[in-house]
Amino acid sequence: KMGAKQAKMLAVSGAFHTPYMAKASEGLSKALAEADVQMPSIKVYSNVTGKPYTSVDEIKTLLKRQLLEPVKWEQGTKDLITGGHSQYVEPGPGKQLKAMMRRIDQDAWNKVRRAALARRTHRRPRCALAFTTAAPARRTEPRALLCMC
């Protein structure tokens, strides 16, 4: 009816990325005002814009909006691919992000690999792709992070 190929009901613990999170956004706003937020040493992409953060003020502003607005996963991924990032690591236990990558860019999908990170940590991250510009055979630190949380 609305042009979607497929729709699924998901079991989620909250109405994240919707206006129903407005009350939580107010609390987050207060916490961020008091927090000593600093610029990350690598590019970290905003879920709101699909672009890297450029200032601490922008980080605080967009994190508040992130609770209320849809995730711009595809835009962020395309920006990273266009920027020459050639290796992608899904650190969590699932394969959903790799499947999403397949729909965005087939060549990038071929380069996604599961990280050993999930086995080394007590709390396994479930929602991020780390991007590097290194050749796949080399182990390097991530150069950018796109988080879908």
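Small disclaimer: the values here were computed from a predicted structure and weren't measured.

(A) Layout of the pattern of salt bridges. Under the counting rule described, the total for this entry stands at three salt bridges. Glu74 is the partner of Lys78 in a salt bridge, and the nearest nitrogen-oxygen pair spans 2.9 Å. Placement of the pair is Lys78 and Glu74 together in helix 3 (residues 73-82), with a separation of four residues, close to one helical turn. According to the relative accessible area criterion, Glu74 is partly exposed, its value standing at 37%.

(B) Up close: helix 2 (residues 56-66). Within the span of helix 2, buried status applies to Ile59, Lys60, Leu62 and Gln66. Packing partners of the buried residues in helix 2 comprise helix 1 (22-34).

(C) Region of the structure containing the packing of helix 1 against helix 2. In the contact formed by helix 1 and helix 2, the axes pass within 9 Å of each other and the chain directions differ by 160 degrees. Taken as axis vectors, helix 1 and helix 2 run roughly antiparallel relative to one another. Where helix 1 crosses over helix 2, the two elements pack in a sense that is right-handed. Note on element contacts: helix 2 touches helix 1 through Lys60, Leu63 and Lys64, opposite Ser25, Leu28, Ser29, Leu32 and Ala33. When the residues that make up the contact of helix 1 with helix 2 are grouped by side-chain class, the tally is four nonpolar, two polar and two charged.

(D) Spatial organisation of helix 4 (residues 96-104). Of all the residues in helix 4, the buried ones are Leu97, Met100, Met101 and Ile104. The arc enclosing the buried residues of helix 4, seen along the axis, measures out at 105 degrees, which places them on a common side.

(E) Representation of the packing of helix 3 against helix 4 within the structure. With their axes 11 Å apart at the nearest point, helix 3 and helix 4 run at an angle of 70 degrees to one another. By the angle class used here, helix 3 and helix 4 are roughly perpendicular. Considering the relative orientation of helix 3 and helix 4, their crossing is right-handed. Of the residues in helix 4, those touching helix 3 at Trp73, Glu74, Thr77, Lys78 and Ile81 are Leu97, Met100, Met101 and Ile104.

(F) Region of the structure containing the environment of Gly76. With respect to the helices, strands and loops of the structure, Gly76 is situated in helix 3. In the structure, Gly76 is positioned 32 residues away from Val44 in sequence and 9.9 Å away in space, judged by C-alpha atoms.

(G) Spotlight on the environment of Glu58. Along the polypeptide, Glu58 turns up in helix 2. Taking the C-alpha atoms as reference points, Glu58 and Ser46, twelve residues apart in sequence, are found 9.4 Å from one another. Sequence-distant contacts of Glu58, defined by excluding residues within four places in its chain, comprise Pro52 and Tyr53.

(H) Broad picture of unusual backbone geometry. Phi is positive for His17, which is not a glycine, with a value near 65 degrees. Residue position: His17 is located in the segment before helix 1.

(I) Broad picture of the confidence of the model for the chain. Per-residue pLDDT for the chain averages 75, and the proportion of residues at 70 or more is 68%. Least confident of the elements in the chain is helix 6 (residues 117-120), whose mean pLDDT is 44; most confident is helix 2, at 93. Below a pLDDT of 50 lies the segment residues 115-127, which in the model reaches 20 contacts outside its immediate sequence neighbourhood of four places, other chains included. Contacts of residues 133-137 to residues separated by more than four positions or lying in other chains number nine contacts, the stretch itself having pLDDT below 50.

Conventions and cut-offs
- Residues numbered from 1 in each chain as written.
- Predicted model: local features only at pLDDT ≥ 70, side-chain atom pairs only at ≥ 80, totals over all residues.
- Heavy atoms only, no water.
- Salt bridge = Lys/Arg side-chain N within 4 Å of Asp/Glu carboxyl O.
- Helix = DSSP H or I, 4+ residues; strand = E, 2+ residues; numbered from the N terminus.
- Buried < 20%, exposed > 50% of the residue type's maximum accessible area, 1.4 Å probe, protein only.
- Contact = heavy atoms within 4.5 Å.
- Axes fitted to C-alpha atoms, helices over the stretch in contact; angles between N-to-C directions.
- Parallel < 35°, antiparallel > 145°, perpendicular 65-115°, else oblique.
- Left-handed = near helix turned anticlockwise from the far one by under 90°.
- Nonpolar A, V, L, I, M, F, W, Y, C, P; charged D, E, K, R; others polar.
- Arc of directions from axis to C-beta.
- pLDDT = per-residue confidence, 0-100.

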